[in-house]
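Residue-level listing of the chains:
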Amino acid sequence: MFFIFGIGPKTKVVEKKQFACPVCRTYSSYELKQQRNYFSLFFIPLIPLSKPKTAFVKCLNCSTDMPSNVLQHAQQKGPFD
Ligand SMILES: [Zn+2]
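K.L.:
When you look at the nonpolar core in this model, what are you seeing that I'm missing?
P.N.:
Of all hydrophobic cores here, the largest spans ten residues; its members are Phe19, Cys21, Tyr30, Leu32, Ala55, Val57, Cys59, Met66, Val70 and Leu71. Going through the elements one at a time, strand 2 (27–41), strand 4 (56–59) and helix 1 (70–76) are the ones with two or more residues in this core. In contact with leucine 71, other than residues within four places in its own chain, are Phe19, Tyr30, Leu32 and Val57.

Structural data, given as structure tokens:
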């Protein structure tokens, strides 16, 4: 019997909304993502090995990854709220 297993990060989208992106300076959609290491067997992530790491935000307009605290800034200064 041959097992293929490994440990790797798995990224999950936890939120999809809109924000004022500080990079491309437009009001666009973002994805809030969270990364976690999983033990996987046959390339299927089975067991979470760590607590969720710091979430990060990806702007879907310019595809820039940013720390999730840009959302607080964007909401404070949000021109469309
Ligand atoms: Zn952007």
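K.L.:
Please explain the pattern of salt bridges as it appears in this structure.
P.N.:
If charged atoms from side chains of opposite charge come close, those side chains can pair. Overall, the coordinates contain three salt bridges when judged by the stated rule. A salt bridge links lysine 16 to glutamate 31, with the shortest nitrogen-to-oxygen separation between them at 3.7 Å. In this pair, lysine 16 sits in strand 1 (residues 5–20) while glutamate 31 sits in strand 2, placing the two residues 15 residues apart along the sequence. Since its relative accessible area comes to 57%, lysine 16 is described here as exposed. With relative accessibility at 14%, the residue glutamate 31 sits in the buried group. Among the salt bridges present, the one from lysine 33 reaches glutamate 31, with a minimum N-O distance of 3.5 Å. Here the two residues lysine 33 and glutamate 31 agree in accessibility, since each one is buried. Where salt bridges share partners, they join Lys16, Glu31 and Lys33 into one cluster.

K.L.:
Sorry, what's going on with the coordination of the zinc ion here?
P.N.:
Between any two of four tetrahedral donors, the ideal angle at the metal is 109.5 degrees; between two of six octahedral donors, it is 90 or 180 degrees. Taken together, the protein donors to the zinc ion comprise Cys21 (SG), Cys24 (SG), Cys59 (SG) and Cys62 (SG), at separations of 2.3 Å. Classification of the site at the zinc ion rests on its four donor atoms, whose angles at the metal span 102 to 118°, yielding the label tetrahedral. For the zinc ion, the single-chain donor residues occur in sequence as C-x2-C-x34-C-x2-C. Overall, the relative accessible area of 3% leaves cysteine 21 in the buried class. The exposure class assigned to cysteine 24 is partly exposed, which follows from its relative accessible area of 23%.

Parameters and conventions
- Residues numbered from 1 in each chain as written.
- Predicted model: local features only at pLDDT ≥ 70, side-chain atom pairs only at ≥ 80, totals over all residues.
- Heavy atoms only, no water.
- Core = buried A, V, L, I, M, F, W, Y, C linked by side-chain atoms within 4.5 Å.
- Buried < 20%, exposed > 50% of the residue type's maximum accessible area, 1.4 Å probe, protein only.
- Helix = DSSP H or I, 4+ residues; strand = E, 2+ residues; numbered from the N terminus.
- Contact = heavy atoms within 4.5 Å.
- Salt bridge = Lys/Arg side-chain N within 4 Å of Asp/Glu carboxyl O.
- Donors = N, O, S within 2.8 Å, 3.2 Å for Na, K, Ca; no water.
- Tetrahedral: all angles 85-135°; square planar, octahedral: opposite > 155°, others 65-115°.

So yeah, pure geometry; function would need other evidence.
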